[in-house]
Structure formats: C-alpha cells, structure tokens
Amino acid sequence: MQSRFRSDRRLTVRMTVTLFLLGLLYVGFVAALIVLLKSWLLVVVLVGAMFVAQFWFSDRIAMFAMRGRVVEREEYPELHAVVDRLCAIADMPKPVVAVSEMDMPNAFATGRNPDHAVVCVTTGLLRRLEPAELEGVLAHELSHVAHKDVAVITVASFLGVIAGLIVRFAFYSQLFGGGRRDQNTAAVFAAIIGVSAAVYAISFLLIRALSRYRELAADRAAAHLTGRPSALASALTKVSGDIARIPTKDLRTAQAFNAFYFTPATGKEPGIERIFSTHPTLEQRLEQLGRISAELGEAATPGKAG
C-alpha cells in the first residue's frame, strides 16, 4: 500500500543500486568462501540461515539489544495518540509501539515491511521533547518504514555483519590454535580474513553512503507530512546537544545500531569520524529543514504544539 509520505525517487534509486552492488558482493563473497573452505553446502546453509534469521528477527534483535519493550495504549496514551494521528495522515498501517528504558534521547524504527514494523522511543526522549518535537521525530521514523529503507538497511548490513564475524572467528581461532596448523591451513585462514575484511570495508562504505541520504530523505518527508519543519529542527538540536554531553564510554553499546537511530550515539566526534558517519551532519540537516520551512512559509516557532 502506498502511503501519503512524499515519494523520493532518488532514495529509491540509491536503495536499488546499493542492493544490486551488495548482491554482487554477496555472490562473490560466498563463492570465495566455497573455494577456500571447499564445502559449498556448509557455506550456503550457514550464510543462508543467518540471513533469514537477521531479516525475519531484526526487530526482535534490535529491541533486545536496546532494552525496548512493547507498550500498550493504557501505559503510554499520548505516545500512541501521536502515532495514531501520524499513521492516519500518512495512510499507513500502525507499527508496534515500544519504549526503551534508556536516558539517551533517541528513537528508531525496524522491521521487514510496513506490516511488520516497530517504532521505539527512549524514555530519555519522551522526557526532553515537547509534543510538536516528538511528532516530528516519530514522523521521521515512520517515513523510514513507509519508504521501506529500514528493510534495505537491515539486508544491507547483513553482509558486513557476516564478514566481521568471520574475521573475528578466524583471528581468535588462529590466535589460540595456530600452532597446530600446517602452512596450507594457515594460508587458507589468511585468505579468508583478507576476503572478509575487504567485503566488510566495501559494504561499510556502501551502507554509510545510503544511510546518510536516507536520513535527509526522512527529515524531508517528516517535515512535509507534519508541516512543521521547525519543530523537527528543534528536536534535532535538542537531542544532538544532549547526546554530545553523554560520555562516549556510556554510548558504546548503542553505537552498533547507529544506522537505525534518529541521531547517532557518537557523542563528541572528531572531524575525521564524520567521513564514516551513518548520518549527515547536524548542520546539513538543519539547513535542509530551514529551506523547507521557507518554502512552506512556516513561522519560526520550534517546539510549539499545534
């Protein structure tokens, strides 16, 4: 079903190209593992099983990792009311609503399609935002679901996860059992590490490029749906400022899911890290929202509930 979120052809093209390139990389990666391990059945079964597990259970994995839980209307009536209103405006199925008991202000959406999606906010976000700001953040997350880029990022991240796991396994296996291997086995392990590292690096860069664009696309879609880009800009400024004050060591657990977050859990990031960020800079996002605000003729009243 087509939602009323503004369609974004450039986002669709970027998602298609990214999936195509990652598909080629995926085929090459599996072929290399089959050649190196000399067992196509083992490779195909293991990789296939992990892919299905990640795709079908990505929402549960993310919820478990971020300590999220499904909440009913009776417990969070205002949160449900905002989601209900936005879904009615956007003409899309209502996702499962969840809350994470974390002080870090943030939100994320996950799920394989609009009919099997979860939108989760942290208690830290709920405490800090005004109603109009919360509406902007939730509209941003719902646009990810409507545009199906959540599912694309889930699929795209799979290859990097597998490659990273293989590198770790091979490294620790070589570290703790290397003395018992002959030269041929050692050469195979080295080749597997090399191929996996290359695959991880390429998939990492492809995902970062798509992730940064999809965040700008979600900001645009949310601003047009709510008609209040200034409220979203206010939420962005407030959340980014609060996260920057959280010590990096306290954010490390959350950083694995940065590609899914409304704002990355990076704290104070050095300039070089911006190149590899999952999100565009705060300045880029605010500049875009400022342009949309001018186009809509919106009064500069961020945070004011309508």
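Numbers given for residues are sequential positions, taken from 1 along each chain in its written order. Side-chain atom pairs in this predicted model are given and counted only at pLDDT of 80 or more, local residue features only at pLDDT of at least 70, and totals for whole chains, interfaces and linings cover all residues. Heavy atoms throughout the structure, all of them, feed into the side-chain values; hydrogens and water do not.

A. Representation of the side chain of Arg 220. Secondary structure follows DSSP: runs of H or I at least 4 residues long count as helices, runs of E at least 2 residues long count as strands, and numbering of each begins at the N terminus. Along the chain, Arg 220 falls in helix α7 (residues 183–226). Residue classification places Arg 220 among the buried positions, given a relative accessible area of 17%. Counting of polar contacts relies on pairs of N or O atoms within 3.5 Å, with two restrictions inside protein: one atom must be capable of donating a hydrogen and the other of accepting it, and residues adjacent in sequence are counted only when both atoms are side-chain atoms. A distance of 3.2 Å separates polar atoms of two side chains, one belonging to Arg 220 and the other to Tyr 213. Buried, partly exposed and exposed residues are distinguished by accessible area as a fraction of the type maximum, computed with a 1.4 Å probe on protein chains only: under 20%, between the cut-offs, and over 50%, respectively.

B. Broad picture of the pattern of salt bridges. Salt bridges, as used here, are contacts in which a Lys or Arg side-chain nitrogen is within 4 Å of a carboxyl oxygen on Asp or Glu. For the structure shown, the criterion picks out 16 salt bridges. Glu 133 is paired through a salt bridge with Lys 238; the nearest N and O atoms lie 3.0 Å apart. Residue Glu 133 is found in helix α5 (residues 131–146), and its partner Lys 238 is found in helix α8 (residues 229–244); the two are separated by 105 residues along the sequence. A salt bridge links Glu 215 to Arg 214; the nearest nitrogen and oxygen atoms lie 3.9 Å apart. Of the two residues, Glu 215 and Arg 214, both sit in the buried class. Where salt bridges share partners, they join Asp 103, Arg 127, Arg 128, Asp 242 and Arg 245 into one cluster.

C. Spotlight on the UniProt feature "binding site: Zn(2+)" (unreviewed entry) in the protein. UniProt positions are given in the numbering used here, feature names are shortened, and annotations may be inferred rather than shown by experiment. The positions that UniProt labels "binding site: Zn(2+)" (unreviewed entry) are, in the present scheme, His 140, His 144 and Glu 215. Across 76 residues in sequence, these annotated residues keep their C-alpha atoms within 8.4 Å of one another, forming a single compact spot. Within the secondary structure, His 140 is located in helix α5. A relative accessible area of 0% places His 140 in the buried class. Among residues more than four places away in sequence, those in contact with His 140 are Glu 215, Ala 218, Asp 219, Ala 222, Phe 262 and Arg 285. Here the side chain of His 140 touches Glu 215 through a polar contact of 2.9 Å, side chain to side chain. Among the secondary structure elements, Glu 215 is positioned in helix α7. Setting aside anything within four residues of it in sequence, one finds Glu 215 in contact with His 140, His 144, Ala 259, Tyr 261, Phe 262, Thr 278, His 279, Pro 280 and Arg 285. We call two residues in contact when some of their heavy atoms are within 4.5 Å.

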